[in-house]
Amino acid sequence: MARLEDITRDEIQTLVNAARNSGQNEGEYVRAQLTARYPGIENQSIRRGPNVFSVLDYLVEDTDSYATGS
Amino acid sequence: MPQAAKELRIPPPFAGINLATGVDKLQPHEALNLRGFEFDEYGTLGVPRAPKSLGTVVVGQKVLSAHIFQRSVGATQLIIHLDDGSLRFSTDFLTSSTVATWTTIATGLSTTKPFHYITWLSKVWMANGVNDFRSWDGAASATFASAPKGAFLALWRDTMWMSGDTTNPDRIYQCAAGDPTVWPALNFVDIEKGASKGITGITSVESSLVTFKLLTTHIIYDPVEYTNRRIDSGKGCLSHFSIVGHMGAIYFVSHLGVCRFLGDGPSEIVSDKIQPMFDDLYVFGTALGAQALDTDRETHIWGFSFENFVGWYIPSNSWSQYIKYFPSLPEKPWLFGTPTEVPSANKSVAVSVREPGEYQQLYRVGGSPAILVREYGGDITDALACEWSSAWFDWDMPTEEKYVDMVQILHRGPLDVRIKRNYDDDEFREVATGLDHGEPELQESTIYTDEYARSIQLYISSTANPGERKSLVGSGVSGLASITRFQSAIAAVTVTAQLLGKMRR
C-alpha cells in the first residue's frame, strides 16, 4: 500500500480534473476516489502545526489550490 | 568684545544621514543629506566610480526581477524577467564588453508579476504566482503545472518551500525531500489562516523557515509537522524581494523601516536615522534627498548586498532612489542616492556575483527601457555627482552672531565648499571651488571663510575624480574592482569661529 505522504499533487490534480470534466463535486469526488485507492485512509490523521487533521479533510481542503481546467 | 575662537571638529568616521532629529540637534559628524558619496573601510567619504553601462536589454521594456545563476559547470548566467513577459539570460555580462547580449529563455509569461528564483540541484527554479512553476538548467526549461501556484521560494532542510499562492494566501507548501518536481499533496500548512493579508515573503535561517506577513513574523521550526509560532507581533515584511542576507544577517523592509532578523524574537529596526521615510505623516523635500516610501509600489522594493553595505532600491511612479546601510562601520551609517537613469527609472534591481579568482561585482538592471550597468565599473573619467550637507551649527547659542574664520578639511581631490547661513538653504556663499592640494594622500586644506552668521551649515560637493578600485590579480572584470580608494575624499573637517555676541538692530 502506498504511503499517504507519497500522494502527490499530480495525483490530486488528475482527480480534480476528472471531477470537473464530469461535472461532479470536486471535494466529494476526490474524497471517494482516495478512499477507494487507499483503504483505511478515512481513519488516518496528520499533525500540521499545532493541530491534528483528518487526512481526507486536509487533502480536500486544498483542492481549491489546483489549476482550473483539464 | 569677541570671545576666544571656538573650534568645531568633525572627526572621522563620518556617521551618515540622520533625519530623525532636529536639524540643530545632529551630532557634528552626522549629515542632514548625503547623496552619491560612499564610505570606505575607515568611514571616509568619497566619490565612487560611476556605473558602466552594458547596454539596453530590450528596447521599450522594463525589468521585473533578476537572478545570478552560478553553476559548478558552465558559465554564470544573469537571468532577467522583463515586462514584455520574457525571461532572458546573458553570459557575457561578466566581461568588459560594452553591450551585453541576451538570449531568450521563454516568452508569453506574466508582464506584471516578477519571478522569484532559487538555484538548487544545478537548476534555477522560478515562481511568480501566476505562471506554472518552472526550472531552467542553463539550456532547457521545464514547467510543472501541478505544482502550487506560489510566488515566493526558499530552501530549508533539503526541501524547497513555496508561498504567495493568492488562492491560499496564508499557505506554505513543501516539496518532496530533495525533489522540487514533486509536491506531496499533504505537504502544506496555513500560518494563522485568515488572520491577516497573507504571507508577503519567506526566507530561511539555519534553525527555521521564516514566514513574513504584512505586520507579523512567524517561524516554522519543524520541517515534518510544520510546528510554528509567531515571533514578532509588530513587524512584517513589505516585499519578498526586500529580504537580503548580508554578512550572515538577514535584513528586510517592514512598514516601520529596515529590520534585522534576530532569530527567535522580534526583529530589530536598524533604520532609526532615516525613519521619516517610513512615516506616512512625513513628506520629504527633494532637497533632503529622499522621498517618503511609495506605498503603492512597496512590494517592488529590492534588496541587495555588496562588499561592506546592504542596500535597497525603492521605486516610485516618478523616480526611484536607493538607500544604503553600512552595518560593519562603527557608526553604522546610512546614505541616499538615485540611480543614474532617473527620473525615467520605474524600477531597479541589483544582484552581486563573485566569480572564482575575481572580485565581487554588483550589477543593476533598471530604467525605462531597462539598461544593464556594472556598478562602480565605469571609465575613470566618469564620475557621480556627490554632496554632503552637515548639520546646522550654532555652538548652542542660536541668537549669537559668529565670525566664521576658517574651515580646514582633511581631504584628497577637488571639492566644492559652500557655507549656508542662518537655517536658510538659499542663503549661502561658495567659499572654495575645485579645492585640491594636488597630492595623492590625505592632506589638510585651509579656507579662510570670512563669514558672519548665527548658524552655519557646510555643503561639500564633488563631481570630479571618481573612486579608484585597485586591481590585485588578473584582467577583465578583476581590473574593475577591489579595494576602495577614493580619489576625491573627505576625512575630517574643522570649523573655527569667534562668538561676537547678539546683534543689535
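For the structure itself, look to the data block above.
Here's a quick rundown of the structure. (Residues numbered from 1 in each chain as written. Chains lettered and ligands numbered in written order. Predicted model: local features only at pLDDT ≥ 70, side-chain atom pairs only at ≥ 80, totals over all residues. Heavy atoms only, no water.)

All right, on to the overall build of chain A then. Each helix and strand counted, chain A has 3 helices and 2 strands in total. Ordered by position from N to C terminus, the α and β elements of chain A give α-α-β-β-α. For 70 residues, the compact-globule formula gives about 11 Å, and the C-alpha radius of gyration of chain A, at 12 Å, lands near that figure. Projecting the C-alpha coordinates of chain A onto the three principal axes gives extents of approximately 35 × 25 × 20 Å. Looking at chain A residue by residue over its 70 residues, the buried ones come to 41%. Considering only residue pairs separated by 6 or more positions, chain A has 49% of its internal contacts joining residues 24 or more positions apart. As displayed, chain A offers around 3700 Å² of accessible surface, 44% of which is attributable to carbon and sulfur atoms. Distance from the positive charge centre (7 side chains) to the negative charge centre (11 side chains) of chain A: 4 Å. (Helix = DSSP H or I, 4+ residues; strand = E, 2+ residues; numbered from the N terminus. Rg over C-alpha atoms; globule rule 2.2 N^0.38 Å. Buried < 20%, exposed > 50% of the residue type's maximum accessible area, 1.4 Å probe, protein only. Contact = heavy atoms within 4.5 Å. Areas by Shrake-Rupley, 256 points an atom, 1.4 Å probe, with all protein chains shown as cover. Lys, Arg positive; Asp, Glu negative; His and termini not counted. Charge placed at Lys NZ, Arg CZ, Asp CG, Glu CD.)

Only a minority of non-glycine residues have a phi that is not negative, and only a minority of peptide bonds are not trans. All names here are of chain B. The peptide bond linking Pro12 to Pro13 adopts the cis configuration, its omega dihedral lying at 0°. In this fold, Pro13 is placed in the loop between strand 1 (5-10) and strand 2 (16-17). Here the amide bond leading from Ser368 into Pro369 is cis, since omega sits at 0°, within 30 degrees of zero. Structurally, Pro369 can be placed in the loop between strand 32 (361-366) and strand 33 (371-374). One non-glycine residue, Tyr226, adopts positive backbone phi at about 60°. Residue position: Tyr226 is located in the loop between strand 21 (217-220) and strand 22 (228-232). In this structure, Asp450 takes a positive phi of about 55° despite not being glycine. Among the secondary structure elements, Asp450 is positioned in strand 38 (residues 443-453). For Asp450, a relative accessible area of 48% translates into the label partly exposed.

All names here are of chain B. Position of Ser65 relative to the elements: it lies in strand 7 (residues 63-69). We classify Ser65 as buried; its relative accessible area is 0%. A distance of 2.7 Å separates the side chain of Ser65 from the side chain of Tyr117, its partner in a polar contact. Once residues within four sequence positions are removed from consideration, Ser65 is found in contact with Ile79, Ile80, His81, Pro114, Phe115, Tyr117, Phe241, Trp302 and Val349. (Polar contact = N/O pair within 3.5 Å; in protein donor to acceptor, adjacent residues only side chain to side chain.)

Moving on, we come to the packing of helix 1 (residues 9-21) of chain A against helix 2 (residues 26-37) of chain A. Residues and elements named next belong to chain A. Interhelical geometry of helix 1 versus helix 2 gives an angle of 130° and a closest axis separation of 9 Å. With respect to helix 2, the axis of helix 1 lies oblique. The hand of the helix 1/helix 2 crossing is right-handed. In this structure, helix 1 contributes Glu11, Ile12, Leu15, Val16, Ala18, Ala19 and Arg20 to the contact, and helix 2 contributes Glu26, Tyr29, Val30, Gln33, Leu34 and Arg37. Looking at the contact of helix 1 with helix 2 residue by residue, the classes come out as 8 nonpolar, 1 polar and 4 charged. (Axes fitted to C-alpha atoms, helices over the stretch in contact; angles between N-to-C directions. Parallel < 35°, antiparallel > 145°, perpendicular 65-115°, else oblique. Left-handed = near helix turned anticlockwise from the far one by under 90°. Nonpolar A, V, L, I, M, F, W, Y, C, P; charged D, E, K, R; others polar.)

This brings us to the pattern of salt bridges. Residue and element names in this part refer to chain B. Tallied over the entire structure, the rule returns 29 salt bridges over all chains. Between Asp190 and Arg171 there is a salt bridge, and its shortest N-O distance comes to 2.8 Å. In this pair, Asp190 sits in strand 18 (residues 188-190) while Arg171 sits in strand 17 (residues 171-174), placing the two residues 19 residues apart along the sequence. Among the salt bridges present, the one from Lys235 reaches Asp232, with a minimum N-O distance of 3.2 Å. Assigned by exposure class, Lys235 and Asp232 land together as buried. (Salt bridge = Lys/Arg side-chain N within 4 Å of Asp/Glu carboxyl O.)

So, on to the sheet that holds strand 14 (residues 141-144) of chain B. Residue and element names in this part refer to chain B. As summarised here, the arrangement of the 4 strands in space is 11-12-13-14, forming an open sheet in which the pairing is antiparallel. Looking at strand neighbours, the two that pair on one side only are strand 11 (116-120) and strand 14, the edges of this open sheet. Along the sheet, successive strands turn relative to each other by an average axial angle of 25°, direction set aside. Across 3 bridges, the pairing between strand 12 (residues 123-127) and strand 13 (residues 133-136) is antiparallel. By the bridge assignment, Met126 is partnered in strand 13 with Arg134. (Pairing = 2+ DSSP bridges.)

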